[in-house]
Amino acid sequence: MAAAGPAAAQPVVGQVLEQAMPTGRGYDIPLPEARWRVTAVADMNHGGNDFRVVTLRDVEPQARMPYLFIRHAMLPAEWTSPCEKLHPGAFNVNRYFTRSNELFTRCSRLFPSELPKPDASDWWAGMHRGIESADASRMSGPMLLAEVTVTQHRGAFVRAEVFIRTDGADLSPSKMRDAWRAGQTHPWIGRLQQFLGPYVYALEEGALKKNKPDRVAAFEPPPKDVEEQIRRMAGSQPREAPAAAPNRPAAAPAQVSDAEIAERIRQMAQASERSRVPAPTPAPAPAPPPQAAVSAGAMATPPQAVQVAAQPSVSAADLARLSAEIARLRDELKSRPAVAAAAPASAPPPKPTAAAAPTTQARRLALVIGNDVYQSVAKLQNARTDARAMADALGRAGYKVRLRTDLGERAMKDELRAFKAEIQGGDEVLFYFAGHGVQLSGANYLLPTDIRGEAEDQVRDDALLLQKVLDDLQERKARFALAIVDACRDNPFRSAGRTLGGRGLAPTTAATGQMVMFSAGAGQQALDRLGERDSNPNGLFTRVLLKEMDKPDVSVDRMLRTVRNQVVELAKSVGHEQVPALYDQTVGEFYLRR
């Protein structure tokens, strides 16, 4: 392995590196687990800034991550996080609790992409020189590009761009992006999240803070055998077939049912929640349950800070793998047609083990806003009614509800600040907004009643940026956060003769532990009524949601998918297309009513 340290020289072509790459600038850049051969070193200028670009090739010919591009620079001025600007091809964007005006910023994104070609321009110009000739033809198909960036105010900029082959996946990279934007889950995305999270924090520790980071595990695709993975994670062995009764054939080997898989994941999620609380330092930790798992928030928490009672010396790579398994298994369950169906009478679901700790009820808070009486754009009819009905339903589910209607700019932003201040770590929170919304340059804005909208800059200043709401919930470290936005109506500015924004809302990004649901998909209009004879006081989306919310023992993700399916069918009955969009980044099961 090539030596790497703060005083080490810069990498040279032909050198093989492991664990870290020296820069000659006083810091090392962590590398994913592999043996990386330097194939090119070049300097480039982009946006008036000079970068050093190093191309690395995994020496394993059939590597899942064949190429890694490292870009680094010392920037004397402020640097805006790439996550602040919506790239049209990006998906699964995560800022890891940071904003562009902070000392350190973190960002990861995924793109459908291909290896750089000779005719590439701008950011990838000249990068084909580091691609080996055999790979240029053998790996000419679509790949996933995983991009990780960390920056320091008036300091270092480091970006790692990993090309990942998707051989064996049931969806192409572009289809994965489309599925994610439609609110659908996929096992590969869960695995990628758990690779990107530890890598982001390792880059920050090594390149920005100049500390020794944890080892960065290589990306591994999700295995296909769900049953064997369940047994391996739970520490159980395949069950033997029962002895054959006289004059009867031997029973077939028992299979793991959907109900059993759901129970295993529930137990792991409970163990994960218990592992969030570190044991007191002076006292010895009690014996952990055998299925203690990684914290559900491992992706958004520095790996070195995660506490796992069962394995005090577990590495970040092991944490990432375990957390990825939980995410993948949840995706597998969601894709099955009858997850909630009980197992046959001959094989009932296993009962929770006596070792499992009792669950505790988290504090529940909700902010519900309904805006109808707009002053300068079209008034609405259902928003206040929908908000009041939603507040009643949440109250029945044990939420402390702040209900507000017809809020102007100042009042709306004041309410969000007050709500944010009330949230404590571990709370379960819900934000609901019914009213007008608009997208500008890919960002979504919720409109107060006194919005004028005479120019885009004015809307950005006066409206409430939805991403700020999500960031506030994430910053307060809520255990579970659900944002429901019923604002996908016709563009209110166009109906008033102005040409600001587009129809409906743009796809958004949910952070770890969050769900976001829009009443309609990108560019779609949400219906308030199903025709002239429809006397229901609530809009289509909210009326269906209210009905499903009162059903006990249904997990939130299942409930919202049921809502989406019913809204689609009801909208079709009147010749309209409305597909509510769901963005789910939660791990574990959450319920409104038990």
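All figures in this text were calculated on a predicted structure; none of them were measured in a lab. (Residues numbered from 1 in each chain as written. Predicted model: local features only at pLDDT ≥ 70, side-chain atom pairs only at ≥ 80, totals over all residues. Heavy atoms only, no water.)

A. Up close: the packing of aromatic side chains. Applying the stated criterion across every chain, the model contains eleven aromatic pairs. With a centroid separation of 5.2 Å and 70 degrees between ring planes, the pair formed by Phe51 and Phe157 is classed as edge-to-face. A residue pair is termed long-range when its members are at least 10 positions apart, and Phe51 in strand β5 (residues 49–58) and Phe157 in strand β10 (residues 156–164) qualify at 106 residues. You'll find Phe51 and Phe157 in the same group, each marked buried. Aromatic side chains Phe69 and Phe163 sit 5.8 Å apart centroid to centroid with 70 degrees between the ring planes, which places their arrangement in the edge-to-face category. Residue Phe69 is found in strand β6 (residues 67–74), and its partner Phe163 is found in strand β10; the two are separated by 94 residues along the sequence. Note on Phe163: relative accessible area 0%, which makes it buried. We note Arg71 situated over the ring of Trp124; from NZ or CZ to the ring centre the distance is 4.8 Å. (Phe/Tyr/Trp six-rings, centres within 6.5 Å; stacked < 30°, edge-to-face > 60°. Helix = DSSP H or I, 4+ residues; strand = E, 2+ residues; numbered from the N terminus. Buried < 20%, exposed > 50% of the residue type's maximum accessible area, 1.4 Å probe, protein only. Lys NZ or Arg CZ within 6 Å of the ring centre and 35° of its normal.)

B. Inspection of the sheet that holds strand β16 (residues 464–465) at higher detail. The sheet built from three strands is open, its strands ordered β14-β15-β16 with antiparallel pairing. Pairing within the sheet leaves two strands with one partner each, and these edge strands are β14 (437–440) and β16. Where β14 lies against strand β15 (residues 443–446), four bridges are found, and the strand directions are antiparallel. When the sheet's bridge partners are listed, Val438 is paired in β15 with Tyr445. (Pairing = 2+ DSSP bridges.)

C. Summary view of the confidence of the model for the chain. Per-residue pLDDT for the chain averages 76, and the proportion of residues at 70 or more is 71%. Here residues 272–317 is modelled with pLDDT under 50, and outside its nearest four sequence neighbours on either side it reaches 74 contacts, counting other chains as well. With pLDDT under 50 throughout, residues 349–360 is counted as low confidence; its partners more than four residues away or in other chains account for 15 contacts. (pLDDT = per-residue confidence, 0-100. Contact = heavy atoms within 4.5 Å.)

D. Spatial organisation of the nonpolar core. Grouped together as the largest cluster of nonpolar side chains are 76 residues, with contacts concentrated most on Phe518, Leu545, Val556 and Leu560. Membership of the second largest hydrophobic core comes to 42 residues, among which are Tyr27, Leu68, Ala156 and Leu196. (Core = buried A, V, L, I, M, F, W, Y, C linked by side-chain atoms within 4.5 Å.)

E. The arrangement of the pattern of salt bridges in detail. Applying the stated criterion to the full structure yields 34 salt bridges. Note that Arg384 and Asp372 form a salt bridge whose closest N and O atoms lie 3.4 Å from each other. Of the two residues, Arg384 is situated in helix α7 (residues 383–396) and Asp372 in the loop between β11 (364–370) and α7; the sequence distance between them amounts to twelve residues. Note on Arg384: relative accessible area 28%, which makes it partly exposed. The salt bridge partner of Glu422 is Arg402, with a shortest N-O separation of 3.4 Å. Linking Glu422 in helix α8 (residues 409–422) with Arg402 in strand β12 (residues 400–405), this pair joins segments that are 20 residues apart in sequence. Of the residues examined, Arg402 reaches a relative accessible area of 18% and is grouped as buried. Connected through salt bridges with shared partners, the residues Lys400, Arg402, Arg404, Glu415 and Glu422 form a single ionic network. (Salt bridge = Lys/Arg side-chain N within 4 Å of Asp/Glu carboxyl O.)

F. Focus on the packing of α7 against helix α12 (residues 540–549). Their axes nearest at 10 Å, the elements α7 and α12 cross at an angle of 10 degrees. When the interaxial angle is binned, α7 and α12 end up roughly parallel. Contact residues: Asp386, Ala389, Met390, Ala393 and Leu394 in α7; Thr542, Leu545, Leu546 and Met549 in α12. In the contact of α7 with α12, the residues fall into seven nonpolar, one polar and one charged. (Axes fitted to C-alpha atoms, helices over the stretch in contact; angles between N-to-C directions. Parallel < 35°, antiparallel > 145°, perpendicular 65-115°, else oblique. Nonpolar A, V, L, I, M, F, W, Y, C, P; charged D, E, K, R; others polar.)

G. Region of interest: the sheet that holds β11. Overall, mixed pairing links the six strands, which are arranged β12-β11-β13-β17-β18-β19 in an open sheet. One side of each edge strand has no neighbouring strand; the edge strands of this open sheet are β12 and β19 (581–584). Geometrically, the sheet is characterised by an average inter-axis angle of 10 degrees between neighbouring strands, direction not taken into account. Sheet topology note: the strand β18 (residues 514–518)/β19 ladder contains four bridges and is antiparallel.

H. Structural view of the pairing of strand β9 (residues 143–152). Counting buried positions over the ten residues of β9 gives nine, a clear majority of the element. Both strand β8 (residues 104–113) and β9 contribute to a ladder of ten bridges, which runs antiparallel. The residue bridging Phe111 from the neighbouring strand is Leu145, located in β9. The sheet contact formed by β9 and β10 spans eight bridges and is antiparallel. By the bridge assignment for β10, Val148 is matched with Ala160. With antiparallel pairing between neighbouring strands as the criterion, β9 and β10 make up a hairpin whose turn holds three residues, including Arg154 at a positive phi of roughly 50 degrees.

I. Structural view of unusual backbone geometry. With a phi angle near 70 degrees, Gln19 is a residue other than glycine that sits in the positive phi range. Mapped onto the elements of the fold, Gln19 is located in the loop between β1 (16–17) and β2 (20–22). For Lys210, which is not glycine, the phi dihedral falls at a positive 60 degrees. Mapped onto the secondary structure, Lys210 falls in the loop between α3 (187–208) and α4 (226–234).

J. Spatial organisation of helix α13 (residues 556–572). Its 17 residues place the ends of α13 24 Å apart at the C-alpha level, agreeing with the 24 Å of an ideal helix rising 1.5 Å per residue. For α13, every residue scored as buried is listed here: Val556, Asp557, Met559, Leu560, Arg561, Val563, Arg564, Val567, Val568 and Ala571. (Expected span 1.5 Å × (residues − 1).)

K. Local environment of α7. With 14 residues, α7 extends 20 Å between its outermost C-alpha atoms, agreeing within 8% with the 20 Å of an ideal straight helix rising 1.5 Å per residue. Taken as a whole, α7 has its buried residues at Ala383, Asp386, Ala387, Ala389, Met390, Ala391, Ala393 and Leu394. Along its buried surface, α7 packs onto β11, β12, β13 (428–434), β17 (480–486) and α12. One or two residues past the end of α7 sits Gly398, with phi positive at roughly 95 degrees.

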